[in-house]
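# Summary of the model geometry
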Amino acid sequence: MSAGSPFGAWLESDPEVARLIGEEYERQVTTIQLIASENFTSPAVLAATGSVLTNKYSEGYPGARYYGGNRVIDEVEDLARDRAKSLFGAEHANVQPHSGANANLAAYQALLEPGDTVLAMRLDHGGHLTHGSPASITSKIWRFVDYGVTPASDDPDVPGEVIDFDQVRDRAKSEQPKLIVAGSTAYSRTIDAEPFRQIADEVGALLMFDAAHPAGLIAGGAHPNPVEIADVVTFTTHKTLRGPRGGAIVCKAEYAKKIDSAIFPGLQGGPLEHVIAAKAIAFEEAARPEFRAYAASVVANAKAFATALQVEGFRLVSGGTDNHLVLVDLRPFDAKLTGKVAQEVLDRNGITCNRNTIPDDPRSPFVTSGLRLGTAAETTAGMREGEMATIAQLIGRTLRHRDDAKALSAVSEEVAELCAAFPPYPGLVGST
Ligand SMILES: *Cc1c(COP(=O)(O)O)cnc(C)c1O
């Protein structure tokens, strides 16, 4: 069994870990990956992440490090910063956040005093844990108030389950937040920074745009760029942007110093320079014309997927999508089917996705009534609209016949065939 990475041979010294990496590689390439926050990075990104840069301590920033020996590392981080700035048209970039959560924490720390009020999206309407969940340290340091989406609507002229900007404005006026956060983890529509900016200006608030999910769609020109509009933009590098696992921040020059010191020494110690090198690679890849085509395909695939899921009898929150994900409300399909059970049945049959709360979900966040399905990963593997329609049918069959072993084994076979036809790493040395 190979280790599924270009450095597979080096893992022979530890057969246990080599076996596990090999097994995970097999899982990734033989099942359908629909988790909206995942992707398949390039072999170049994998190689940089597994490089000797992991050995180096480089606390500080290029030209201002605490330890010696950082001549090369400075060039790596400068390259990553320059590429991030040019990709998003930003005045300043910080590429050190270990994750999207850390990027958000640093942005809050840079812009706020403890106890300040922040207006962000409700968690059960699509906000992220770092947008003030009671379980997150963010809610212990700052005072979070929330806005949500409009009620579901049967009238095609009244868009339902979209960000309720009247509510954003009302809440901003009554709560007087110091910061408004735009951005979501389970919202299938374009998030435009402009109306948020207007409201922020009306109440004298700062605006942070959390682009964790759409960063790749923005870089690829499929979604509007919030960088010139928001004061600070945070994002992850591993979702639609298709880079290594990590975070980054771009902002206006006036916040550069505050953002940098909030990351180090405010929140983190030594940066992960092997990951920063991989981020630099991903930023360059995302600037290529092929990536523009990729971002457009991700969106086109999601639209095709949405239509085919509706044909299967699923209701989609907000009625569709204009990004890389759909949020399925399972209740009209089968009132007894929970998100938890649907996720488990699909998982057993080779379709990987996650349960998700839907707006005003009557079930708990652990059980839920929804599924979140994304197209970013399988679009990287080469799937297009036709395959998305096939996957929608496979999902419908799996959930309809979830107690029929024969029907399920037919699904599993078709899943295996589909994955074999779209290998995400066709040329990878050491892959099977
Ligand atoms: C994924 C996500 C994050 C956090 O990213 P991690 O790298 O998992 O910490 C933050 N905000 C939003 C909106 C996200 O979707």
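Refer to the preceding data block for the structure.
Since the structure is predicted, the reported quantities are computational estimates derived from the model, not experimental observations.

This part takes up the overall build of the chain. Of the regular secondary structure elements, the chain holds 15 helices and 15 strands. Rg of the C-alpha trace for the chain: 22 Å, near the compact-globule value of 22 Å for 432 residues, within the 12% margin. A burial count over the chain gives 58% of its 432 residues as buried. For the chain, the share of sequence-separated contacts (at least 6 apart) that also reach a separation of at least 24 residues comes to 70%. When the accessible surface of the chain is split by element, carbon and sulfur atoms take 53% of a total near 17,800 Å². Across the chain, 40 positive and 55 negative side-chain charges occur, with their mean positions spaced 2 Å apart.

This paragraph deals with the environment of Val-72. Locating Val-72 in the fold gives a position in helix H3 (residues 71-88). A relative accessible area of 43% places Val-72 in the partly exposed class. For the pair Val-72 and Arg-348, spaced 276 residues apart in the sequence, the C-alpha separation amounts to 46 Å.

Tallied over the entire structure, the rule returns 26 salt bridges. A salt bridge links Glu-175 to Arg-171; the nearest nitrogen and oxygen atoms lie 3.6 Å apart. Linking Glu-175 with Arg-171, this pair stays in helix H6 (residues 165-175), spanning four residues, or about one helical turn. The salt bridge partner of Glu-414 is Arg-397, with a shortest N-O separation of 2.9 Å. Here the residue Glu-414 occupies a position in helix H15 (residues 405-421), and Arg-397 occupies one in helix H14 (residues 385-400), the gap between them amounting to 17 residues. Owing to a relative accessible area of 26%, Arg-397 belongs among the partly exposed residues under this scheme. Via salt bridges that share partners, Arg-65, Asp-74, Glu-77 and Glu-273 belong to a single interconnected network.

The rules we used
- Residues numbered from 1 in each chain as written.
- Predicted model: local features only at pLDDT ≥ 70, side-chain atom pairs only at ≥ 80, totals over all residues.
- Heavy atoms only, no water.
- Helix = DSSP H or I, 4+ residues; strand = E, 2+ residues; numbered from the N terminus.
- Rg over C-alpha atoms; globule rule 2.2 N^0.38 Å.
- Buried < 20%, exposed > 50% of the residue type's maximum accessible area, 1.4 Å probe, protein only.
- Contact = heavy atoms within 4.5 Å.
- Areas by Shrake-Rupley, 256 points an atom, 1.4 Å probe, with all protein chains shown as cover.
- Lys, Arg positive; Asp, Glu negative; His and termini not counted.
- Charge placed at Lys NZ, Arg CZ, Asp CG, Glu CD.
- Salt bridge = Lys/Arg side-chain N within 4 Å of Asp/Glu carboxyl O.

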